[in-house]
Amino acid sequence: MSTLSRRQLLSGAGALATLAWSGHSLAACARARPRFSDHPFKLGVASGDPRADSVVLWTRLAPDPLAREGGMGADPVTVGWEVATDERMQHVVQKGTVAATADLAHSVHVEVQGLEPARWYWYRFYSGDEMSSVARTRTAPGPGTQPERLRFAFASCQHWEFGRYAAYHHMLADELDLVVHLGDYIYETSARNPPVRRHDLPEATDLEGYRRRYALYKSDADLQAAHAAHPWIVTWDDHEVSNDYASDRSERRDALQDFLRRRAGAYQAYYEHMPLRRSTLPHGPDMRLYRDVSWGGLADFFVLDGRQYRAVQPCGEGRRGGGQLVANCAKRLDPAQTRLGAAQERWLFDGLGRVRSRWTVLAQQQLMAQLRQRNRAGAEAYWTDGWDGYAAARQRVLAEIRDRRVPNPVVIGGDIHSFWVTDLKVDFDAAPVVATEFVGTSISSPGVPYETFARALPDNPHVRFFDSRPRGYVRCTVTPERWLTELRALDNPADPRSAIGTLASFVVESGRPGAQRA
Ligand SMILES: [Fe+2]
């Protein structure tokens with residue numbers, strides 16, 4: 001305790017929380033003036049999960065990011081942090097110190113409390129003689145207030161080898177309040193012939209492998225800049241662990257204990273590299289990621305986890321696991337095909353019943369709308385890894401939205417590496433429209449075949465827009481009366497300074513579900 005003054009303790013709520021969690025002795029023996037082999041803030045800094053009075057600040061010390069332990073060794077290190085009301089860090093309003101420990105890869109998660117609502121702050125970290133760059137974050141508007149505007153971008157699927165992160169560069173000019181990431185932040189596998197950039201890392205299968213994957217991805221300057229410019233709200237999909245996994249089952253049907261060990265390593269590395277609150281700290285292979293984030297009286301975000309608790313993809317008996325395009329699959333309609341798991345579903349439905357904001361956002365992984373496809377024989381078929389493999393669970397969510405008269409529900413998703421705008425219905429073959437859906441294309445991962453999906457559109461009249469050809473992201477501007485969605489498409493995802501344009505724009509008017517072409 002001697003390394004901290006009483007004043008620092010009183011002013012540093014985050015430091016207190018960390019001390020309480022790490023144990024006093026650890027902080028006391030952390031190296032207060034460590035020497036690093038190189039600059040330790042090479043992975044950048046980030047912030048996330050804003051509340052009206054609080055935000056999470058993140059960094060991870062790694063002077064040699066791809067080396068074992070990031071080049072940090074086993075000792076804990078003291079890290080200081082400061083929050084200021086100005087970019088030059090002259091008016092510091094909060095500061096503290098925390099112990100960064102090897103068991104969490106010398107990552108730091110500071111939950112700063114006592115901030116003012118609806119304002120920008122700047123922050124930085126330091127350790128020994130080293131200082132991070134200054135980054136910007138903001139708090140959410142206070143509960144009960146009605147902000148005039150929320151502007152955010154959402155993104156997904158950023159395979160490092162298939163493209164550069166020009167999308168993130170363009171977000172810097174968008175005057176965003178926050179960024180929402182809907183999964184596939186990393187890919188655990190590598191391309192056989194990477195078309196844009198190459199790395200020599202093997203498939204990530206354990207804690208050390210996932211740590212190196214995040215270290216690689218986070219070395220990207222454009223990704224770092226987007227983190228440093230706004231708070232992020234993140235959730236994962238499958239590739240943060242392995243392709244098409246379903247709770248404790250891998251696509252390859254690994255032995256249960258082996259896969260749970262892998263999942264534990266993957267979840268821990270995710271926590272270590274994301275600006276998440278300590279309430280999400282994993283316990284073995286379990287990590288509670290679903291949570292809600294409120295933006296004053298304007299928008300409530302329900303951030304869902306569609307991977308950890310789901311039933312295994314249906315109708316894959318006798319084959320390998322994961323998603324399949326399957327005809328005559330009655331099991332996908334089985335109410336027992338849970339998508340969110342019982343506890344998360346209950347939490348969501350309780351939360352939906354309490355929304356008082358103007359807009360209700362379900363931030364989740366995949367296309368939610370029904371997508372009637374054809375198999376090779378021309379028979380009606382459905383992709384079982386998506387919500388179509390969990391049709392009754394989807395119907396429960398949409399019926400709940402309808403029955404509870406949830407205010408202006410908008411579902412956002414990713415995963416499918418293509419833009420989609422859809423009308424969500426309890427019964428997709430009948431009226432009425434219950435919610436609006438926007439799905440963003442990938443930041444860099446290759447798109448799904450355009451012709452194949454375009455051919456399916458006549459069988460899916462609730463789909464208002466589809467395009468899988470561009471890479472990019474989605475920009476949303478939300479006011480009390482109107483939600484504007486702009487589909488942002490890059491000219492060339494291999495070029496870090498690619499030009500970008502708006503492929504299409506859609507508007508949702510408050511009180512009227514369904515997007516209209518703007
Ligand atoms: Fe993906």
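Remember, predicted model here, so these are calculated numbers, not experimental data. (Residues numbered from 1 in each chain as written. Predicted model: local features only at pLDDT ≥ 70, side-chain atom pairs only at ≥ 80, totals over all residues. Heavy atoms only, no water.)

## Some words on the coordination of the iron ion
In the first shell of the iron ion, the protein supplies Cys157 (SG), Asp184 (OD), Tyr187 (OH) and His417 (NE2), at 2.1 to 2.6 Å from the metal. Spacing between the donor residues of the iron ion along the chain follows C-x26-D-x2-Y-x229-H. In this pair, aspartate 184 sits in the loop between β10 (178–181) and α5 (207–218) while histidine 417 sits in the loop between β18 (409–413) and β19 (419–424), placing the two residues 233 residues apart along the sequence. You can call aspartate 184 buried: its relative accessible area is 2%. By relative accessible area, histidine 417 is classed as buried at 13%. (Donors = N, O, S within 2.8 Å, 3.2 Å for Na, K, Ca; no water. Helix = DSSP H or I, 4+ residues; strand = E, 2+ residues; numbered from the N terminus. Buried < 20%, exposed > 50% of the residue type's maximum accessible area, 1.4 Å probe, protein only.)

## Regarding unusual backbone geometry
Residue proline 432 is bonded to the preceding alanine 431 through a cis peptide linkage, with omega at -5°. Phi at aspartate 244 takes a positive value of approximately 55°, unusual for a residue other than glycine. Secondary-structure assignment places aspartate 244 in the loop between β11 (232–234) and α7 (256–273). Residue classification places aspartate 244 among the buried residues on the basis of a relative accessible area of 8%.

## Brief notes about the sheet that holds strand β20 (residues 435–439)
Taken in spatial order, the 7 strands make up an open sheet running β12-β13-β15-β18-β20-β19-β21, and their pairing is mixed. In this open sheet, the two strands that pair with only one neighbour each are β12 (291–295) and β21 (463–467). The mean inter-strand angle of the sheet, taken between neighbouring strand axes irrespective of direction, is 20°. Each of β12, β13 (299–303) and β15 (359–363) is contacted by helix α8 (residues 342–354), which is oriented at about 175° to β13, the strand it contacts most. (Pairing = 2+ DSSP bridges. Axes fitted to C-alpha atoms, helices over the stretch in contact; angles between N-to-C directions. Contact = heavy atoms within 4.5 Å.)

## Observations concerning the confidence of the model for the chain
Across the chain, pLDDT averages 94, with 94% of residues at or above 70. Of the regions scoring below 50 in pLDDT, residues 1–24 engages in 40 contacts with residues more than four places distant in sequence or in other chains. (pLDDT = per-residue confidence, 0-100.)

## A few points about the sheet that holds strand β14 (residues 325–326)
Reading across from one edge, β14-β17-β16 is the order of the 3 strands in this open sheet, with antiparallel pairing throughout. Both edges of this open sheet fall to β14 and β16 (373–374), since each of them pairs with a single strand only. Where β14 lies against strand β17 (residues 380–383), 2 bridges are found, and the strand directions are antiparallel. Paired with leucine 325 across the two strands is tryptophan 383, which belongs to β17.

## Structural notes on the state of the cysteines
Throughout the structure, instances matching the rule amount to 1 disulfide. Note that cysteine 315 is cross-linked by a disulfide to cysteine 329, the S-S spacing being 1.8 Å. For the disulfide bridge between cysteine 315 and cysteine 329, the dihedral angle about the S-S bond is near 85°, and by the sign convention the bridge is right-handed. Separated by 14 residues along the polypeptide, cysteine 315 in the loop between β13 and β14 and cysteine 329 in the loop between β14 and α8 bring together distant segments of the chain. The class for cysteine 315 is buried, based on a relative accessible area of 14%. For cysteine 329, a relative accessible area of 6% puts it in the buried group. (Disulfide = S-S within 2.5 Å.)

## Section: α5
The terminal C-alpha atoms of α5, which comprises 12 residues, lie 16 Å apart, in line with the 16 Å expected from a rise of 1.5 Å per residue. Counting buried residues along α5, 10 of its 12 residues qualify, which places the element largely inside the surrounding structure. Looking at α5, one finds that the buried residues are Glu208, Gly209, Tyr210, Arg211, Arg213, Tyr214, Ala215, Leu216, Tyr217 and Lys218. Buried residues in α5 make contact with β2 (55–60), α6 (221–229) and α7. (Expected span 1.5 Å × (residues − 1).)

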